[in-house]
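Coordinate analysis (summary)
One-letter residues, chain by chain:
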Amino acid sequence: MLICLTASHKNADFTALEALSSADAAQLPTSFASHPSIDGAIVVSTCNRFEVYLDVDADRDEAPGIAQTAATDALGFHHPETLEPLVEGRAAEHLFAVAAGLESVVVGEGEIAGQVRRALQSAQDAGTTSPSLERLFQRASETQRGIKNRTGIGEAGRSIVRLALDLASARVDFTGARVLLVGTGRFAGVSLAELRRRGAQHIEVWSPSDRGAGFARSHAIGYVDPRDAPLAAATADVIVTCTSADHHVVDAALLEAGRERLAATHAFPGSAVQPHDASACPVALDPTAEGCPLHAGPGAECPVDHGRASQLVIDMGMPRNVDPDVATVHGVEVLDLETIRLHAPLEHLTATEDARHLVRKAAARFERGTAERQLGPAIAALREHVQGAMDAELARIAKRGTEEERRLAEQALRHFAGVLLHKPTVRARELAAEGRHDDFLAAIQALYGIDDVA
């Protein structure tokens, strides 16, 4: 039986999602599949979603409990209790909708389709798939491609990066902003392209893993030596974090250290270079004060804008790249994935409804196919029973009459057997679609003594 255990931005809080995303997705399928009642496992883990698809060798009443027990064993302290179980048809419809981008933070985003395909590939490499799971994920990819080609859902939604920067555009003019990009992965490349599309020209990259130099050269942007990261963070108007680090790379201490360094080393117009004791600055003590008397004079102003409220930190990491304590730094605003989700735009109703209609149809076809496969052994047993009776009759006929008479009799019997089996076969499919497998099995057992085919 197919079971999906799911946690996403729709049914779990950000803390639980963060904990689940930190689990080792590469090893989890093997951990789940080691359970004696689980025949296959595939894990889909993204920044806003954690799902496990299981093929459980149990009936409908027992399967969800077995799946939850396996999740507790495999996930330990990673909030397995957050996972909601979906069974059979609901699991299929859910995966098809996920692959199509209908369950994403930004409806219609395209990244998830590739993540679903890679999840299947990862499970295949680990040897934890099953025929049912293979068919489920293959149908999900087929459904996603059909929806992409037949609806405008891909245009109705935008990527996480686009939405985040759209929200930031209401606060920052990117054309003159100093931007610090933290990270060098695929997400960083997408972020850089979107920043440039919005007119950003002053962009630097800092890589906590020290891969920034190559990224900077290949993308023709500034490079920040890790030793200068605090200063770069303090002077940036916008910080965009999108690393795969499993710890916070930007925190209050980093920003404060950068501000102190900036204040201590800055040269002021019209005056000699002099250390700036931020603790003695009236602006630091009273953010409502104007100017910095320590640096009064023609054209002179304090380089540390203690009262500014325009430094924006955009955290697109999962787990979080930015420590929550950054929000306590004066003048800093944090925009994270949870906030982005709350500001996601309304769905494009027509395209979305068309896509959901296609998902429902695809899920119904999948469920019918699954049900028919479940009755396949029973139908085969019925055919074998009829075939046996026909062979016995043909053997009796073979002992009498001419060869031509025997040939005509065999032809007539085979035609009759086909007609006789047609209605039960059609009815089996109908009962399977209605979820009445047991009715068909009980009928052939009562009428023909056929059992042990479930």
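See above for the structure.
A quick note: this is a predicted structure, and the numbers were derived from the prediction, not measured. (Residues numbered from 1 in each chain as written. Predicted model: local features only at pLDDT ≥ 70, side-chain atom pairs only at ≥ 80, totals over all residues. Heavy atoms only, no water.)

1. Side note on the overall build of the protein chain
Operational definition: Helix numbers and strand numbers start at the N terminus; a helix is a DSSP run of H or I with at least 4 residues, a strand a run of E with at least 2. Only protein chains enter the area calculation, which uses a 1.4 Å probe; residues under 20% of their type maximum are buried, those over 50% are exposed, and those in between are partly exposed. Only heavy atoms matter for contacts: two residues are in contact if any of them lie within 4.5 Å across the pair. The protein chains shown are the only cover counted for residues, whose accessible areas, like all others here, come from Shrake-Rupley with a 1.4 Å probe.
Assigned secondary structure in the protein chain consists of 17 helices and 10 strands. Looking at the 454 residues of the protein chain, the share that counts as buried comes to 47%. Long-range pairs, those at least 24 residues apart, make up 69% of the contacts in the protein chain with a sequence separation of at least 6. Accessible area for the protein chain stands at about 22,200 Å²; split by element, carbon and sulfur atoms hold 51% of it.

2. Concerning the environment of Ala71
For Ala71, the position within the fold is in helix α3 (residues 63-75). A relative accessible area of 0% places Ala71 in the buried class. The spacing of Ala71 and Leu83 is 12 residues in sequence and 8.4 Å in space, taken between C-alpha atoms. If sequence neighbours within four positions are ignored, Ala71 has contacts with Leu5, Phe32, Gly76, Pro80 and Leu83.

3. A word on the packing of aromatic side chains
The condition that has to hold: Geometry of aromatic contacts follows a simple scheme: Phe, Tyr and Trp rings, the Trp one being its six-membered ring, pair when their centres are within 6.5 Å, and the pair is stacked under 30 degrees between planes, edge-to-face over 60, tilted otherwise.
A full pass over the atoms with the stated rule returns two aromatic pairs. Ring plane angle 90° and centroid distance 5.3 Å describe the contact between Tyr53 and Phe137, whose orientation is recorded as edge-to-face. Note that Tyr53 is positioned in strand β3 (residues 49-56) and Phe137 in helix α6 (residues 131-150), a separation of 84 residues in sequence. Looking at Phe137, the relative accessible area reads 1%, which means it is buried.

4. Describing the pairing of strand β5 (residues 178-182)
Just so we agree on the cut-off: Handedness of a crossover is defined as follows: orient the strands so they point away from the viewer, and if the path from the first strand over the helix to the second runs clockwise, the crossover is right-handed.
Across the five residues of β5, four count as buried, placing the element largely inside the fold. Handedness of the crossover is the feature at issue here: the chain leaves β5, passes through helix α9 (residues 186-197), returns alongside strand β6 (residues 202-206), and the resulting connection is right-handed.

5. Overview of the sheet that holds strand β2 (residues 38-46)
Across a sheet, strands are paired by hydrogen bonds formed along the backbone, either parallel or antiparallel in direction. Our working rule: Note: two strands are recorded as paired if DSSP finds a minimum of 2 bridges between them. Axes here refer to lines fitted to C-alpha atoms; in helices the fit is confined to the stretch in contact. Angles between the N-to-C directions go from 0 to 180 degrees.
Spatially, β2-β3-β1-β4 is the arrangement adopted by the four strands of the open sheet, whose pairing is antiparallel. If you trace the sheet from one side to the other, it starts and ends with β2 and β4 (84-87), each paired once. Strand-to-strand twist across the sheet, computed as the mean angle between neighbouring axes with direction ignored, equals 20°. By the bridge criterion, four bridges tie strand β1 (residues 2-8) to β4 in an arrangement that is antiparallel.

6. Considerations on helix α5 (residues 111-126)
Rules: The span expected for a helix works out to 1.5 Å for each residue beyond the first.
Relative to the 22 Å expected for 16 residues at 1.5 Å per residue, α5 spans 23 Å between its end C-alpha atoms, a close match to the ideal helical length. Two residues or fewer after α5 comes Gly127, characterised by a positive phi angle close to 75°.

7. Concerning the packing of α5 against α6
Stated formally: An angle counts as roughly parallel when it lies under 35 degrees, as roughly antiparallel when it exceeds 145, as roughly perpendicular when it falls between 65 and 115, and as oblique in every other case. The hand of a helix crossing depends on one turn: near helix anticlockwise from the far one by less than a right angle means left-handed, and clockwise means right-handed. Residues are grouped as follows: Ala, Val, Leu, Ile, Met, Phe, Trp, Tyr, Cys and Pro are nonpolar; Asp, Glu, Lys and Arg are charged; every other residue, Gly included, is polar.
It is the contact of α5 with α6, at a shortest axis distance of 10 Å, that shows an interaxial angle of 160°. As summarised for this structure, α5 and α6 are arranged roughly antiparallel, according to the angle between their axes. As for the relative orientation of α5 and α6, their crossing is left-handed in sense. Where α5 approaches α6, its residues Ala113, Val116, Arg117, Leu120 and Gln124 are matched on the opposing element by Glu134, Phe137, Ser141 and Gln144. Partitioned by chemical class, the residues of the contact of α5 with α6 number four nonpolar, three polar and two charged.

8. Focus on the sheet that holds strand β10 (residues 332-336)
On the basis of which strands lie adjacent, the open sheet formed by six strands has the order β7-β6-β5-β8-β9-β10 and parallel pairing. Each edge of the sheet is formed by a strand with only one pairing partner; in this case those strands are β7 (222-223) and β10. Inspection of the sheet shows β5 paired to β6 by five bridges, in the parallel sense. Residue pairing for β6: Arg178 is matched across the bridge by His202. Along the sheet, α9 contacts β5, β6 and β8 (238-241); its crossing angle with β5, the most-contacted strand, is approximately 165°.

9. With respect to unusual backbone geometry
At Glu88, a position not held by glycine, the phi torsion is positive, near 45°. Here Glu88 shows up in the loop between β4 and α4 (89-99). Judged by relative accessible area, Glu88 falls into the buried class, the value being 11%. Phi at Asp210 takes a positive value of approximately 65°, unusual for a residue other than glycine. On the secondary structure map, Asp210 appears in the loop between β6 and α10 (212-219).

10. Describing the environment of Asp173
Quick note on the threshold: Throughout this description, a polar contact denotes any pair of N or O atoms lying within 3.5 Å of each other; where both atoms belong to protein, one of them has to be capable of donating a hydrogen while the other can accept it, and for residues adjacent in sequence the pair is counted only when both atoms sit in side chains.
With respect to the element layout, Asp173 can be found in the loop between α8 (160-169) and β5. Take Asp173: its relative accessible area is 55%, and that puts it in the exposed class. Residues Asp173 and Val238, 65 residues apart in the sequence, show an inter-C-alpha distance of 10.0 Å. There is a polar contact of 2.7 Å between the side chain of Asp173 and the side chain of Thr175.

11. Brief notes about the pattern of salt bridges
What counts, and what does not: Definition used for salt bridges: Asp or Glu carboxyl oxygen within 4 Å of a side-chain nitrogen of Lys or Arg.
Applying the stated rule across the entire model yields 18 salt bridges. One salt bridge connects Arg90 with Glu84, and the closest N-O pair in it is separated by 3.9 Å. Overall, Arg90 belongs to the exposed group, its relative accessible area being 52%. Here Glu84 falls in the partly exposed class, since its relative accessible area comes to 32%. Salt-bridge contacts for Glu404 lead to Arg407; the nearest nitrogen and oxygen are separated by 2.5 Å. With Glu404 and Arg407 both in helix α16 (residues 403-433) and three residues apart, this pair spans about one turn of that helix. Residue classification places Glu404 among the partly exposed residues on the basis of a relative accessible area of 42%. Taken together, the shared-partner salt bridges connect Arg162, Asp166, Glu194, Arg197 and Arg198 into one network.

12. Focus: a positive patch on the surface
The condition that has to hold: A patch is a set of surface residues, each over 30% in relative accessible area and not in a salt bridge, joined within 9 Å for like charges and within 5 Å for the nonpolar side chains Val, Leu, Ile, Met, Phe, Trp and Tyr. In this count, Lys and Arg are taken as positive residues and Asp and Glu as negative ones, while His and the chain termini are left out. To locate a charge, take atom NZ for lysine, CZ for arginine, CG for aspartate or CD for glutamate.
There is a patch of like positive charges on the surface, built from Arg117, Arg118, Arg145, Lys148 and Arg186. Elements with a minimum of two residues in the positive patch: α5 and α6. Looking at the element boundaries, Arg117 is found in helix α5. Taking relative accessible area as the criterion, Arg117 reaches 44% and is therefore assigned partly exposed.

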